[in-house]
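Overview (structure and organization)
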Amino acid sequence: MARKRAPATDEEFARQNEAAVREAREAERVEPRAETVGYDAERGLVIVELTSGFAFGFPPERAPGLETATPAQLAEARVSPGGDGLHWDALDAHLSLGALMEAAFNLREWAPRYLGQIRSPAKAAAARENGRKGGRPAVRAAERFVADSAEKPRRPKPKT
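Below: a short report on this structure. Just so you know, these numbers come straight off a predicted model, no measurement behind them. (Residues numbered from 1 in each chain as written. Predicted model: local features only at pLDDT ≥ 70, side-chain atom pairs only at ≥ 80, totals over all residues. Heavy atoms only, no water.)

1. Some thoughts on the overall build of the protein
Stated precisely, the cut-off is as follows: The secondary structure listing takes helices from DSSP runs of H or I that are at least 4 residues long and strands from runs of E that are at least 2 residues long, numbered from the N terminus. Throughout this description, buried means an accessible area under 20% of the type-specific maximum (1.4 Å probe, protein chains only), exposed means over 50%, and partly exposed covers the range between. Only the protein chains shown count as cover for residues, and the accessible areas themselves come from Shrake-Rupley with a 1.4 Å probe.
Secondary structure assignment for the protein yields six helices and six strands. Reading the secondary structure of the protein in the N-to-C direction produces α-β-β-β-α-β-β-β-α-α-α-α. Buried residues in the protein amount to 18% of all 160 residues. On the protein, roughly 13400 Å² of surface is accessible, and the fraction owed to carbon and sulfur atoms is 54%.

2. Some thoughts on the environment of Asp-92
The following threshold applies: Pairs of N or O atoms are called polar contacts if they sit within 3.5 Å, as long as, within protein, a hydrogen donor faces a hydrogen acceptor (for residues adjacent in sequence, only side-chain-to-side-chain pairs).
With respect to the helices and strands, Asp-92 occurs in the loop between β5 (85-88) and β6 (93-96). Between the alpha carbons of Asp-92 and Gly-65 there is a distance of 7.5 Å; along the sequence they are 27 residues apart. Of the polar contacts made by the side chain of Asp-92, one reaches the side chain of His-94; its length is 3.2 Å.

3. Some remarks on the sheet that holds strand β2 (residues 45-50)
Heads up, the condition is: The criterion for strand pairing is that DSSP finds at least two bridges linking the strands in question. Angles here are taken between N-to-C directions and fall from 0 to 180 degrees, while the axes themselves are lines fitted to C-alpha atoms, restricted in helices to the stretch in contact.
Pairing within the open sheet is antiparallel, and its three strands lie in the order β1-β2-β3. The sheet is open, and its two borders are formed by β1 (34-40) and β3 (55-58), each paired with just one other strand. Each adjacent strand pair in this sheet contributes to an overall mean axis angle of 20 degrees, direction not counted. Taken together, the four bridges between β2 and β3 define a ladder with antiparallel strand orientation.

As structure tokens, then:
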């Protein structure tokens, strides 16, 4: 049997609300947000305009729930209030903007390669020099702990 939780105090509610607002602002800053969505029947693409000013389009056949939709049904799209989803209520189709962009741009495979393997002459020279020295020096666990502790400010533990 599930236990009933005591109602939150005003202070606890205010603290949780502040944390939620901070989290939402950070998500808006980092994650893509849709401003408008529409269907371009001439090109056969769903067009999404982002709050950043960028836009992209995708063929409806590539999105779950839109494969057999008519142009009139595709034109009835709306953006979720937070800008992170696209909805076609009559089709019962709901797409996450982040997941859609991940699929459209193949981010799972492409982004790590691009962002993690940027090459430059200086980076190549440093790698060769490290190789001549036997590779990266090993860091002992105690040294790593001390270095990590010095860099990270300690947060007080929440009171329970």
